[in-house]
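One-letter residues, chain by chain:
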Amino acid sequence: MWGGRFASGPDAIMEAINASIGFDKRLAAQDIEGSRAHAAMLAATGIVEGSDAEAIREGLLTVLSEIETGEFEFSAALEDIHMNVEARLSTLVGTSAGRLHTARSRNDQVALDFRMWVRDQCDALDEALVSLMQALLEQAEAGADWVMPGFTHLQTAQPVTWGHHMLAYVEMLSRDLSRCRDARKRMNECPLGAAALAGTSFPINRHMTAEALRFDRPTANSLDSVSDRDFALEFLSTASICAMHLSRLAEELVIWSSAQFRFVKLSDRFSTGSSIMPQKKNPDAAELIRAKIGRIFGANVALMTVMKGLALTYSKDMQEDKEQTFDAADNLMLALAAMDGMVRDMVPQQENLRAAAASGFSTATDLADWLVRVLGMPFREAHHVTGSLVAMAEAEGVDLPELTLAQMQSVNGEITEDVYTVLTVEASVASRMSYGGTAPEQVRNQIARWKDLLEVS
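Residues numbered from 1 in each chain as written. Predicted model: local features only at pLDDT ≥ 70, side-chain atom pairs only at ≥ 80, totals over all residues. Heavy atoms only, no water.

**Digging into the overall build of the chain**
Okay, step 1: Scanning the chain for helices and strands turns up 18 helices and 6 strands.
Okay, step 2: The principal-axis extents of the C-alpha atoms in the chain amount to approximately 100 × 50 × 40 Å.
Okay, step 3: Out of the 457 residues in the chain, the part that is buried amounts to 48%.
Okay, step 4: Of the charged side chains in the chain, 41 are positive and 63 negative; the average position of the first set lies 3 Å away from that of the second. (Helix = DSSP H or I, 4+ residues; strand = E, 2+ residues; numbered from the N terminus. Buried < 20%, exposed > 50% of the residue type's maximum accessible area, 1.4 Å probe, protein only. Lys, Arg positive; Asp, Glu negative; His and termini not counted. Charge placed at Lys NZ, Arg CZ, Asp CG, Glu CD.)

**Considering helix 11 (residues 284-307)**
Okay, step 1: Relative to the 34 Å expected for 24 residues at 1.5 Å per residue, helix 11 spans 35 Å between its end C-alpha atoms, a close match to the ideal helical length.
Okay, step 2: In this structure, the buried residues of helix 11 make contact with helix 9 (222-227), helix 10 (230-256) and helix 12 (322-345). (Expected span 1.5 Å × (residues − 1). Contact = heavy atoms within 4.5 Å.)

**Side note on the side chain of Ser-174**
Okay, step 1: With respect to the helices and strands, the residue Ser-174 is situated in helix 7 (residues 162-187).
Okay, step 2: The class for Ser-174 is buried, based on a relative accessible area of 12%.

**Quick notes on unusual backbone geometry**
Okay, step 1: Following Leu-312, the chain continues into Thr-313 via a peptide bond in cis, with omega recorded as 10°.
Okay, step 2: By the element assignment, Thr-313 lies in the loop between helix 11 and helix 12.
Okay, step 3: Located in the positive-phi region is Arg-214, a residue other than glycine, with phi close to 65°.
Okay, step 4: Locating Arg-214 in the fold gives a position in the loop between helix 8 (206-212) and strand 4 (217-218).
Okay, step 5: Given the relative accessible area of 46%, Arg-214 is considered partly exposed.

**Here we look at the nonpolar core**
Soluble globular proteins: nonpolar side chains tend toward being buried together.
Okay, step 1: In terms of nonpolar packing, the biggest core is built from 91 residues, with Leu-136, Trp-162, Leu-246, Trp-256, Leu-332, Leu-336 and Met-339 touching the most fellow members.
Okay, step 2: Per-element accounting of this core gives the leading share, 15 residues, to helix 10.
Okay, step 3: Once residues within four sequence positions are removed from consideration, Leu-246 is found in contact with Leu-132, Leu-173, Ile-289, Leu-332, Ala-335, Leu-336 and Met-339.
Okay, step 4: Residues Trp-370, Leu-371, Leu-400 and Val-419 belong to the second largest nonpolar core, which totals 19 residues. (Core = buried A, V, L, I, M, F, W, Y, C linked by side-chain atoms within 4.5 Å.)

**Looking at the pairing of strand 1 (residues 147-152)**
Okay, step 1: Relative to strand 2 (residues 155-161), strand 1 runs antiparallel, the two being bridged by 6 bridges. Considered in strand 2, the bridge of Val-147 is made with Thr-161.
Okay, step 2: Remark: 2 residues form the turn of the hairpin made by strand 1 and strand 2, two consecutive strands paired antiparallel; His-153 in that turn has positive phi of roughly 60°. (Pairing = 2+ DSSP bridges.)

**Observations regarding a nonpolar patch on the surface**
Okay, step 1: On the surface, Leu-197, Leu-223 and Leu-312 cluster together to form a nonpolar patch covering roughly 280 Å² of accessible area.
Okay, step 2: Among the structural elements, Leu-197 can be located in the loop between strand 3 (189-190) and helix 8.
Okay, step 3: The class for Leu-197 is partly exposed, based on a relative accessible area of 37%. (Patch = residues over 30% accessible without salt bridge, like charges linked within 9 Å, V, L, I, M, F, W, Y side chains within 5 Å. Areas by Shrake-Rupley, 256 points an atom, 1.4 Å probe, with all protein chains shown as cover. Salt bridge = Lys/Arg side-chain N within 4 Å of Asp/Glu carboxyl O.)

**Comments concerning helix 4 (residues 50-69)**
Okay, step 1: Between its terminal C-alpha atoms helix 4 stretches 29 Å, which fits the 28 Å expected from 20 residues at 1.5 Å a residue.
Okay, step 2: Those residues of helix 4 that sit buried are Asp-52, Ala-53, Ile-56, Gly-59, Leu-60, Val-63, Leu-64, Glu-66 and Ile-67. Angularly, the buried residues of helix 4 cover 160° about the axis, an arc narrow enough to put them on a single face. Exposed and facing more than 90 degrees away from the buried side of helix 4 are Ser-51 and Glu-68.
Okay, step 3: Packed against the buried residues of helix 4 are helix 3 (28-44) and helix 5 (81-93).
Okay, step 4: Positive phi appears at Gly-70, one or two residues downstream of helix 4, with a value of about 85°. (Arc of directions from axis to C-beta.)

**Quick word on the packing of aromatic side chains**
Okay, step 1: This structure, assessed with the given rule, holds 8 aromatic pairs.
Okay, step 2: Here the aromatic rings of Phe-114 and Phe-326 are separated by 6.3 Å at their centres, their planes lie at 90°, and the arrangement is edge-to-face. Linking Phe-114 in helix 6 (residues 106-142) with Phe-326 in helix 12, this pair joins segments that are 212 residues apart in sequence. The exposure classification of Phe-114 matches that of Phe-326, with both residues buried.
Okay, step 3: Measuring from centroid to centroid gives 4.6 Å for Trp-117 and Phe-326, while their planes differ by 65°, and the two rings are edge-to-face. Of this pair, Trp-117 sits in helix 6 while Phe-326 sits in helix 12, placing them 209 residues apart in sequence. Like Phe-326, Trp-117 is buried.
Okay, step 4: One aromatic cluster is present, built from ring pairs that chain together Phe-151, Trp-162, Trp-256, Phe-261 and Phe-263. (Phe/Tyr/Trp six-rings, centres within 6.5 Å; stacked < 30°, edge-to-face > 60°.)

**Observations concerning the pattern of salt bridges**
Okay, step 1: Applying the stated criterion across every chain, the model contains 26 salt bridges.
Okay, step 2: Note that Arg-88 is salt-bridged to Glu-66, the shortest N-O span being 2.7 Å. Pair noted here: Arg-88 is in helix 5 and Glu-66 is in helix 4, with a separation of 22 residues, a long-range link.
Okay, step 3: Residue class for Arg-88 comes out partly exposed when judged on its relative accessible area of 25%.
Okay, step 4: A salt bridge links Arg-449 to Glu-171; its shortest N-O distance comes to 3.5 Å. Here the residue Arg-449 occupies a position in helix 18 (residues 440-456), and Glu-171 occupies one in helix 7, the gap between them amounting to 278 residues.
Okay, step 5: The exposure class assigned to Glu-171 is partly exposed, which follows from its relative accessible area of 27%.
Okay, step 6: Ionic contacts of the salt-bridge type, sharing partners, join the residues Glu-79, Asp-80 and Arg-106 into one network.

Here's what the structure looks like:
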């Protein structure tokens, strides 16, 4: 490949550190599609004969078939997917294969292949996110008016609805979806034709190859084209935030499925047992999702670190861009599929959710609001009165609705029987009618909104 400059071949250790075929063979489909488009353009512009271009294009289809069926023999001595494909093409079509690399470098070739692969991952991520959002919407619709505790600091705060809690994750994932779609738009420029770094003197048609490969346009600067890995970094950043959201939901499923909470039952399909304790049903899928964020975060940090000190344009350091991106994409897609399955299968325990919502003085804020609204009390004073009533209830070992009117009036004599109308958890959630609030009516409005949005998208 580059033997004309060198008197001897590389050392075995050099070959081992230099070769990337062990992982970049995953780019085979993109590499061949890009080469076929390049060959067609070379013929259309008269740079190579049409017969040579046709032989190249047909030969590349044969190579792709051999790779897909497992017949292809990859060689570390040929370094990467590009040279492995080209070498096999030479065997199939002879000297015509040598014309394929006209007006092209491995620098713009790998930039193209990798960008196309990441673009494909964005499309797969888009589909997986929509599916999980739909699964959460189904759960939300089933329990739009089921009451459960809302938490701050993992302490009971105020009653909310199951549907509202599910919709919180729909909102998070919708931002992941938006980031994914935005990133895809930005990466959809074609670097092919930038050649090594300066462009080419051949009369190529970069708009033709960009259109053939479903890009919006060719990249506008050849130096940036071969040295840019922003598209991979943006994908990894999006993947990291998405994985963090999945990890938060996974943590809740671990907590909720415990014997201490009993908020949900997870299906056997996404649980495991113990080798020694026969009663155990472990939420291992959720735990593994929770753990995978470390790998995905690590991939993001690793590629940022690789790129941070590189002068323009291409350096061999950039060969380290793929393995972590491949790993992050694989693990994110696996985590999304597992979470999708768990969410669809899980069975919320409505009675346990309500019982938990009714404990821990969860309607204390409703009591304070009643004091403000009905008695005209300043909120800070209402907060103090309510705190005193909570302390009384705690000392008596009861919850707020179980205090007698006489006990309440011992703290503030203006409190009337009407206060009990706001102290049930159902009344609490029904009152939260502000836009985006937990009231069942608001929850159903948001469910309908999201159904329409996802159908359009």
